[in-house]
Amino acid sequence: MTQLVNAGLRLLADVGGTNARFALQSDPSGGFDDIEVLAASGYPSLGEAMRAYLDNARVRGFAVDTVRHVAIAIANPVEGDEIRMTNHHWSFSIEALRVKLGLTTLLMVNDFAALAMSLPHLAQDGRQQIGGGIELPNRTIGLIGPGTGLGVSGVVPAGERWIPLSGEGGHVSFAPVTRDEVAILEALWGEYGHVSAERLLSGMGMELIHWARTGKRLKAADISAAALDGSSSDCRGSVDVFCAILGSVAGNVALTLGATGGVYIGGGIVPRLGPIFEQSAFRARFEDKGRLGDYLSRIPTYLITEQYPALRGVSAMLSGHIATLQ
């Protein structure tokens, strides 16, 4: 059993609409200890999930009573003290939660800002290049990631530092590129009115794409599984459409940010698609921007393969935050 008595542990978390990933860290420049993933649906509040993790860590021999500094990357805008999660029912006051848990620091940041902060530090084996392009050093890096929702962010170099961008680019209006996508948009207009990129590039989005194309309602996991095992051409077609749309939106991110340092793909969906994603129209659609096609062809795109990259980013943000208070 690992003993870290009086180590001054820091608690880090990456909280999404589906899962909450927790870890302890004894050395801000080192790795993570006792990583545990809890289902968000299993706890009535973030505070209860944090307490459950700490109780479990205590049983495993970690000195969690030394935890005073906590940083949480959350799948939500962070503006002021009140948080109401878009894709989950948790809502809370950051300051009230800090006081309730007896913490010195409770830093709450957007999850994709934290994920973006990890990108300049990813090892080569923590990413997989999709298509061509060559990254330029010390240039803006873009990030997009479909999961429960659609996250969009990036990091901008500033001397020796990197500054993460916090935004809600997943909610930009969806723009179809093909006649089939126009038909999908028209079907969803009748259901939702405004159709965002997130409405299509998420777990629910894959289900909606399949419904609009086939009239059948299937779970995203079932659509992906049938596409991967080759048992349904309809499901494969829906996944192909999903990947193509992701390429177009990722190209938009690259153009908007001038992300010549590369564009990275995070989130929980794409890594599960395996060879289908590699063979898809993602990269072709990424580059398909008319007169700017050559510009985009020089920008590399990467799939993040590191298991817990947002924890690395939120750790760096916590260190920077603590430094400003000293």
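Residues numbered from 1 in each chain as written. Predicted model: local features only at pLDDT ≥ 70, side-chain atom pairs only at ≥ 80, totals over all residues. Heavy atoms only, no water.

With an unreviewed UniProt entry as reference, the protein is termed Glucokinase, source organism Massilia aurea. Under the heading Sequence similarities (unreviewed entry), UniProt records this for the protein: "Belongs to the bacterial glucokinase family." Recorded in UniProt under Subcellular location (unreviewed entry), the annotation for the protein is "Cytoplasm". (UniProt positions renumbered as here; feature names shortened; annotations may be inferred.)

(A) Molecular detail of the packing of aromatic side chains. Using the criterion set out here, one finds four aromatic pairs in the structure. Here Phe 22 and Tyr 53 contribute two aromatic rings whose centre-to-centre distance is 5.1 Å and whose plane-to-plane angle is 20°, an arrangement assigned as stacked. Taken together, the positions of Phe 22 in strand E2 (residues 19-25) and Tyr 53 in helix H1 (residues 46-59) put the pair 31 residues apart, joining distant regions of the chain. In terms of burial, Phe 22 and Tyr 53 fall into one category: buried. Between Phe 282 and Phe 286, the ring centres sit 6.3 Å apart and the planes meet at 25°, which makes this aromatic pair stacked. (Phe/Tyr/Trp six-rings, centres within 6.5 Å; stacked < 30°, edge-to-face > 60°. Helix = DSSP H or I, 4+ residues; strand = E, 2+ residues; numbered from the N terminus. Buried < 20%, exposed > 50% of the residue type's maximum accessible area, 1.4 Å probe, protein only.)

(B) Broad picture of the layout of surface pockets. As a volume, the largest pocket reaches approximately 1,100 Å³. If you go around the largest pocket, you meet 48 residues; those closest to its centre are Arg 21, Gly 147, Thr 148, Gly 267 and Gly 268. Secondary-structure elements contributing two or more residues to the lining of the largest pocket are E2, helix H3 (111-118), strand E9 (141-146), strand E10 (150-158), helix H6 (203-214), helix H7 (220-229) and helix H12 (309-325). Residues lining the lining of the largest pocket come from more than one domain, with at least three contributed by each of domain 1 (10-110 + 308-325) and domain 2 (123-304). Considering only enclosed or pocket space, the second largest pocket measures out at about 420 Å³ in volume. Lining the second largest pocket are 18 residues, with Met 117, His 121, Ser 315, Ala 316 and Met 317 positioned closest to its centre. Every element with two or more residues in the lining of the second largest pocket is listed here: strand E7 (105-110), strand E11 (161-165) and H12. A per-element tally of the lining of the second largest pocket places H12 first, with six residues. A breakdown of the residues in the lining of the second largest pocket according to their chemical character gives 10 nonpolar, six polar and two charged. Taken together, domain 1 (10-110 + 308-325) and domain 2 (123-304) each give at least three residues to the lining of the second largest pocket, which thus spans both. (1 Å grid on protein atoms, 1.4 Å probe; cavity = no way out; pocket = protein on both sides within 12 Å on 5 of 7 lines; lining within 4 Å. Points joined across faces, edges and corners; volume = space filled by probe spheres on them. Domains from an automatic or database assignment. Nonpolar A, V, L, I, M, F, W, Y, C, P; charged D, E, K, R; others polar.)

(C) Focus on the nonpolar core. With 44 residues, the main nonpolar core has Ile 144, Val 239, Ile 245, Leu 246, Val 263, Ile 265 and Phe 277 as its most contacted residues. By residue number, the principal contributor to this core is helix H8 (residues 233-257), which donates 11 residues. Each residue touching Val 263, except ones within four places of it in the same chain, is listed here: Gly 142, Ile 144, Ala 250, Ala 254, Phe 286, Ile 299, Pro 300, Thr 301 and Tyr 302. In this structure, Val 15, Leu 54, Val 67 and Ile 94 belong to the second largest nonpolar core, which totals 32 residues. (Core = buried A, V, L, I, M, F, W, Y, C linked by side-chain atoms within 4.5 Å. Contact = heavy atoms within 4.5 Å.)

(D) Representation of the pattern of salt bridges. Applying the stated criterion across every chain, the model contains 12 salt bridges. Among the ionic pairs, Asp 55 bridges to Arg 58, the shortest N-O distance being 3.0 Å. Highlighted residues: Asp 55 and Arg 58, both in helix H1, separated by three residues, approximately one helical turn. Given a relative accessible area of 42%, Asp 55 falls into the partly exposed group. Arg 98 serves as the salt-bridge partner of Glu 95, at 2.6 Å between the closest nitrogen and oxygen. (Salt bridge = Lys/Arg side-chain N within 4 Å of Asp/Glu carboxyl O.)

(E) Just the sheet that holds strand E12 (residues 263-265), in detail. Across the sheet, six strands lie side by side as E8-E13-E12-E9-E10-E11; this open sheet has mixed pairing. Unpaired on one side and paired on the other, strand E8 (127-130) and E11 mark the two borders of the sheet. Averaged over all neighbouring strand pairs, the angle between strand axes comes to 25°, with direction disregarded. Bridge count between E12 and strand E13 (residues 301-304): three bridges; the pairing is parallel. (Pairing = 2+ DSSP bridges. Axes fitted to C-alpha atoms, helices over the stretch in contact; angles between N-to-C directions.)

(F) Here's a closer look at the side chain of Asn 76. Positionally, Asn 76 belongs in the loop between strand E4 (69-74) and strand E5 (82-84). Take Asn 76: its relative accessible area is 5%, and that puts it in the buried class. Within the structure, the side chain of Asn 76 is placed 3.1 Å from the backbone oxygen of Arg 84, a separation counted as a polar contact. Filtering out sequence-adjacent residues up to four positions away, Asn 76 remains in contact with Ile 83, Arg 84, Met 85, Thr 86, Asn 110, Asp 111 and Glu 168. (Polar contact = N/O pair within 3.5 Å; in protein donor to acceptor, adjacent residues only side chain to side chain.)

(G) Representation of unusual backbone geometry. We note that Asp 34 has phi near 55°; this positive angle belongs to a residue other than glycine. Unusually for a residue other than glycine, Asn 138 sits at a positive phi of about 55°. Turning to its location among the elements, Asn 138 is positioned in the loop between E8 and E9. Taking the relative accessible area as the measure of exposure, Asn 138 reaches 59% and is therefore exposed.

(H) Spotlight on the UniProt feature "binding site: ATP" (unreviewed entry) in the protein. Per the UniProt annotation, the sites labelled "binding site: ATP" (unreviewed entry) are Ala 13, Asp 14, Val 15, Gly 16, Gly 17 and Thr 18. In the annotation above, Asp 14, Gly 16, Gly 17 and Thr 18 are the residues that line the largest pocket. Taking relative accessible area as the criterion, Asp 14 reaches 13% and is therefore assigned buried. What Asp 14 contacts, discounting residues up to four positions off in sequence, is Asn 19, Ala 20, Arg 21, Ala 73, Asp 111, Ala 310 and Leu 311. Examined against the element boundaries, Gly 16 turns out to sit in the loop between strand E1 (10-15) and E2. Given a relative accessible area of 14%, Gly 16 falls into the buried group.

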